[in-house]
Amino acid sequence: MFGLKRFFKKLLKDDTKKIEQKVALEALRNAFTNRYLNFKTLLSTNNKVLELITDMEQAFSGSRTFGMSFIRANCTAISVNTYKIISCLNKLANDKYKEFPRVLEDILLKIDRELQQKKLETGGELVIPLESIDKTMADHVGAKMANLGEVKNTVGLPVPEGFVITTAAHECFMEYGDLQDEINRRIQFLEPADIARLHETSFDIQNLIVTAPCPPELEEAILNAYTDLMEKAGHGFHVSMRSSALGEDTRDASFAGQYRSVLNVSRENLILAYKEILASKYSVPAVSYRLNKGFRDEDIIMCVGCMTMVDAGAGGVMYSADPGNIRHECIIINAAWGLGKSVVDGGMAQDLFVLSKKDPKIILKSEISAKKQQLVSGALEGIRLANITDEHANKPAITDEQAALLGELALRLEKHFGAPQDIEWAFEPDGSVSILQSRPLMVLGKEPTGIKDIPESKVDLPVILTGGVTAGPGAASGHAFVVETTVDMLQFPPGAVLVARNSLPKWAALLNSAVAVITDKGGVTGHMAAVAREFKVPALLGTSTATEHIRNGDLITVDATGCAVYAGRAESLLEKEAEKTSLMKGSPVHNTLGNVLKYIAPLNLTDPDASDFTPEGCRTIHDIIRFAHEMSLRELFGFKKDASFPEHLARRLVIDVPMQWWVVDLGGGCKEGMKGDTIRLEDIISGPMLTLWEGITAMPWKGPPPIDTKGFFSVMYGATMDRSLVPGMRSRYADRNYFMISGNFCHLSSRFGFHFSTVEAFFGEKVAENYICFNFNGGGADNVRRERRANLIKLILEKFDFWVQVKSDTVFARLERQEVPFLKERLKVLGHLVMHTRQLDMVLSSSGRVNKYLEEILKELSSFVDVSQ
């Protein structure tokens, strides 16, 4: 009786103990699962931040166009995700790093200072007379009017009387209507490629400005300046009003034709014309130009020059040098009857004169066009189109003597400013000349443009047309797209050749998308030509017949340097063309990105054993995520003594492979009823793990590859050999390689010596949820060899449909939304690479070695990977 009682008591005690153990184990499993989920979140967020950093670095060093919205959006995303990484680390480490957020906040404060808009000083007079202006006043009156003041008051050349409405006036106007905040809201996410949105936003903002009231004190200042000008001129007159924005007419950014000029303006319409010019800062061409060239909106403040209107009998533009070759000793002049606007806008026929720079009286070349129309001042206001009599149509717009005079003026201006000049001029009917503009001329330094005879074609393709002038040298190929209207602009496809009748300044908004430009009309000195040279887009203008011979969709090659257009793609011309360079380098936006990256991209924490490998040692975002990544591994995988929970859950995989592999079952990854601290492969039912293991073991590892002397010395600073991978040798990096598994999930975290890789895969019933992610980095060799190995892996993975990104020696790859059979074969590839690319960095001494191992590995993969899937 008493024995039976003791038996049941013991049985109850044993059952209670088992239940308690089961509860404790389940609690431990849940705790570990939660910690793993935090670790998984940290890893994925870490990869996201690295991708953002890479994107910013590629934008900074590449040729893509970006704006402040790109920088701010990426900084915001990096900030949010880095906070998330620190939060996950603290959850893993039981708030061991609670001071870590302060380190991040200090770095973000420095980034924020770089992003803050630096307001330009705009104090001073609202209006300044031209006679009081010189080139030192560009910050108050803009470069265009500062240069004209210099020409008038220092050089002593004839310039119309006038005054400038200053930066202080611009600030006064914007503050009075409280306009800037609303404008900032509308432009913050504009991109130059989105032409439709550019048009919509441009219209709204321009309307906002034009309909806004003018501050009474500003209106009074403008009208008083006009009255003073009228008294000085001694008779009633109209004025020309021209943009003179900060940043305009500089050496690297002409903004040619991007802003509005209003000619022949009466007193009654001064204020309206002023507002229209202010509003033109937000025209589609101007905004597109500014975004492509890397100017922030706040960098551009619009001043307006008002000068007495010149009743021009002839006008035009001259270059004091050939923009295609500084060594070509010539002066180029384009001239037309009437106002010079017809020349700069490129919409009418014009004459060409090429003068000797050594003696401007010598005319090297002249081409006189049939000029059937001209622009003239209207009787009451504005300008109008007027017909030219047959008697004058074929006559030169200027005489040889006038051309020589212009040449002398060009030389004087070039000497004074110390650089080639782009000069606008006008002759009045009485023969007196006025300088209307003098700005730096961009010189490309290649072939001479627009002044040489058409070379004999060496291209074995049909010639569509020859002739015209080279406004922007080079050659390019693409499908033709004829542009006639704004609707055509909205439909313009990237990579097409822009074909148009006139070289209008508004087409400049398409230059970031166009590979080349061809027009019927226009010359080398027009606004479109100037912007094409800045954008380094081949431009062949003034062909007369381009729109007649070229149709939409035609595949053509434009040889702007050789003044010819060919049917088809002329590879012999294209292979000589240099890769497109960034338009943004040195710009305010580009510089801002560079300054921000100083606090984001550099990696200073490279040695986990160093004394400064601490939260306080983090000086950049990259340092923070590197530290968090290393610490998360230690916390989760037992690199620290206090992380004992994996010992209860992780089972060592019993397998004949010279590394230790440990398996943690998150649920459903192994057969039920498992006991002990080891596990065999046949006990695993996780589909992704078994597939990955198939790739790992498909071919035995042959051991470290033999290295040459250079390879040996390239790794001596890290390790003479990667001893952690040699059987019998142990290190804290190679002790354990962990599989975290469930029935349809696998995450492998592996450390092989100096090489770290992660593979994660999920195979489910919904294709949209399936994915494989891969990350590989490290190595014992020098940077060059490690980068070669990273690119070798990239070449292999791309052949198996992975999206791959390489940053230095780090490889990111992923494959998503595919059927399970397709993904399984790709997962085998990753298993093979995890095993067989380690230590290859030591032997990749040249690109030839890369190709050798590429062929070998692809051959190995073909023996067990079903590429038909």
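### A closer look at the overall build of the protein
Along the protein, the regular secondary structure elements total 25 helices and 30 strands. The buried share among the 869 residues of the protein stands at 56%. In the protein, the share of contacts with a sequence separation of at least 24, taken over all contacts with a separation of at least 6, comes to 68%. By element, 51% of the accessible surface of the protein is carried by carbon and sulfur atoms, the whole surface being about 37,800 Å².

### Focus on the nonpolar core
Counting residues in each nonpolar core, the largest one holds 74 residues, and the members touching the most others are I165, F173, L218, M241 and Y274. Broken down by element, this core gets its largest block of residues, 7 residues, from helix 9 (residues 270-279). Non-local contacts of M241, meaning those with residues more than four positions away in its chain, are made with I165, S261, V262, V265, L270, A273, Y274, I277, V304, G305 and C306. Core analysis: the second largest hydrophobic core is formed by 52 residues, A761, L797, L830 and V850 among them.

### Some words on helix 5 (residues 167-176)
Residues spaced three or four apart along an α-helix point in a common direction, a consequence of the helix completing one turn every 3.6 residues. Extensive coverage of helix 5 is indicated by the burial of 8 of its 10 residues. Residues of helix 5 that are buried: T167, A168, A169, H170, E171, C172, F173 and M174. In this structure, the buried side of helix 5 is in contact with helix 4 (138-155), strand 2 (162-165), helix 6 (180-187), helix 7 (195-210), helix 8 (216-233) and helix 9. Structurally, the start of helix 5 carries an N-cap: the backbone nitrogen of A168 is 3.3 Å from a side-chain oxygen of T166. With its phi angle positive at about 50 degrees, D178 sits one or two positions after the end of helix 5.

### Points about the confidence of the model for the protein
Scored by pLDDT, the protein comes out at a mean of 82, with 84% of its residues at no less than 70. Taken as a whole, residues 446-457 scores under 50 in pLDDT and shows 37 contacts with residues more than four places along the chain or in a different chain. Contacts of residues 637-646 to residues separated by more than four positions or lying in other chains number 22 contacts, the stretch itself having pLDDT below 50.

### Section: helix 3 (residues 100-115)
Given a rise of 1.5 Å per residue, 16 residues ought to cover 22 Å, and the 23 Å separating the end C-alpha atoms of helix 3 matches this to within 8%. Looking only at helix 3, the buried set comprises F100, V103, L104, I107, L108, I111, E114 and L115. Taken around the axis of helix 3, the buried residues stretch over an arc of 130 degrees, which confines them to a single face. Seen from the buried face of helix 3, the exposed residues on the opposite side, beyond 90 degrees, are R102 and R113.

Conventions and cut-offs
Residues numbered from 1 in each chain as written. Predicted model: local features only at pLDDT ≥ 70, side-chain atom pairs only at ≥ 80, totals over all residues. Heavy atoms only, no water. Helix = DSSP H or I, 4+ residues; strand = E, 2+ residues; numbered from the N terminus. Buried < 20%, exposed > 50% of the residue type's maximum accessible area, 1.4 Å probe, protein only. Contact = heavy atoms within 4.5 Å. Areas by Shrake-Rupley, 256 points an atom, 1.4 Å probe, with all protein chains shown as cover. Core = buried A, V, L, I, M, F, W, Y, C linked by side-chain atoms within 4.5 Å. Polar contact = N/O pair within 3.5 Å; in protein donor to acceptor, adjacent residues only side chain to side chain. pLDDT = per-residue confidence, 0-100. Expected span 1.5 Å × (residues − 1). Arc of directions from axis to C-beta.

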